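# Chain and residue survey
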Amino acid sequence: QRTLLTNNEVYDQSPTIAVKASSAHIAWITVDSTGAYRIAYGIYSAGNWWQEILYGSQLGDFGLGAAPYLALEPNGCPHIGYRGGNYGDYHIHHAEKPFGDSTWVYEILYTNNANDFSSALAAKQNGELFLVASGNDGWGFPFRTYYLHRPPHSSIWEPAQLMTGDAS
């Protein structure tokens, strides 16, 4: 059965999905009532969709390129990595909704790239996160990928480690 989640009056694109037990979680780029680009998030469970806009997500003027990536902890806690900020100052932003909490927590992740454009994210139990981010020096070269790790029971990321030298 097909279900319409949005009103077809805004830009909705770049979806990502993760499944845990009998629920599906999705995240995508949308436009809020002020015209700002934001991350939207939805859960399908027990035959119903529930959705919200992450008003703390800052995607900038070119937000359609934010490329969200969704990962779930084993307990269902969602984590979304996406390109945030404005042109010339792009970094990977991370939003998470801790288990049992009703609000999202936001942070900006930094690598040695001047701009980071895309990321992939994986989550384990107790908040352990693994993230790779790809970007460049701000002038388009070299393309470099960094690896970031957040240990279990911590809100502090370990320093970014260079994974590739160029052309990644």
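Quick note: structure is the one above.
Residues numbered from 1 in each chain as written. Predicted model: local features only at pLDDT ≥ 70, side-chain atom pairs only at ≥ 80, totals over all residues. Heavy atoms only, no water.

### Some points on the packing of aromatic side chains
- Counted by the stated rule, this structure contains 7 aromatic pairs.
- Seen in terms of ring centroids, Tyr41 and Trp50 are 6.4 Å apart; in terms of plane orientation they differ by 80°. Their pairing is edge-to-face.
- Note on Tyr41: relative accessible area 1%, which makes it buried.
- Judged by relative accessible area, which is 42%, Trp50 ranks as partly exposed.
- For the pair Tyr44 and Trp49, a centre-to-centre distance of 5.2 Å together with 50° between the ring planes defines the contact as tilted.
- Given a relative accessible area of 30%, Trp49 falls into the partly exposed group.
- Each member of the aromatic cluster is reached from another via a ring pair, and the members are Phe62, Tyr87, Tyr90 and Phe117.
- The cationic tip of Arg83 hangs over the ring face of Tyr90; the distance from NZ or CZ to the ring centre is 3.8 Å. (Phe/Tyr/Trp six-rings, centres within 6.5 Å; stacked < 30°, edge-to-face > 60°. Buried < 20%, exposed > 50% of the residue type's maximum accessible area, 1.4 Å probe, protein only. Lys NZ or Arg CZ within 6 Å of the ring centre and 35° of its normal.)

### Quick word on unusual backbone geometry
- With an omega of -20°, the peptide bond between Phe141 and Pro142 qualifies as cis.
- Mapping Pro142 onto the fold places it in the loop between strand S10 (129-136) and strand S11 (144-150).
- The backbone phi angle of Ala21 is positive, close to 55°, even though this residue is not glycine.
- With respect to the helices and strands, the residue Ala21 is situated in the loop between strand S1 (13-20) and strand S2 (23-31).
- With relative accessibility at 73%, the residue Ala21 sits in the exposed group.
- Although it is not a glycine, His153 sits at a positive phi angle of roughly 60°. (Helix = DSSP H or I, 4+ residues; strand = E, 2+ residues; numbered from the N terminus.)

### Some points on the pattern of salt bridges
- Taken as a whole, this structure holds 4 salt bridges when the rule is applied.
- The partner of Arg38 in a salt bridge is Asp32, and the shortest N-O contact between them spans 3.0 Å.
- For Arg150, the salt bridge goes to Glu96, with nearest N and O atoms at 2.7 Å. Of the two residues, Arg150 sits in strand S11 while Glu96 sits in strand S7 (residues 91-96), which places them 54 residues apart along the sequence. The residues Arg150 and Glu96 share a single accessibility class, namely buried.
- Taken together, the shared-partner salt bridges in this structure form one network comprising Glu96, Glu107 and Arg150. (Salt bridge = Lys/Arg side-chain N within 4 Å of Asp/Glu carboxyl O.)

### What about the sheet that holds S2?
- Taking strand neighbours across the sheet as the criterion, the 4 strands line up as S1-S2-S3-S4 in an open arrangement whose pairing is antiparallel. The open sheet has two free edges, formed respectively by S1 and strand S4 (48-54), since each of these has just one partner strand. The mean angle between the axes of side-by-side strands here comes to 20°, regardless of whether they run parallel or antiparallel.
- Judged from the 8 bridges that link them, S2 and strand S3 (residues 37-45) form a sheet pairing that is antiparallel. (Pairing = 2+ DSSP bridges. Axes fitted to C-alpha atoms, helices over the stretch in contact; angles between N-to-C directions.)

### Side note on the sheet that holds strand S8 (residues 105-109)
- Here we have 4 strands laid out as an open sheet, ordered S5-S6-S7-S8, and antiparallel in their pairing. If you trace the sheet from one side to the other, it starts and ends with strand S5 (69-72) and S8, each paired once. Adjacent strand axes in the sheet meet at a mean angle of 20° when their direction is disregarded.

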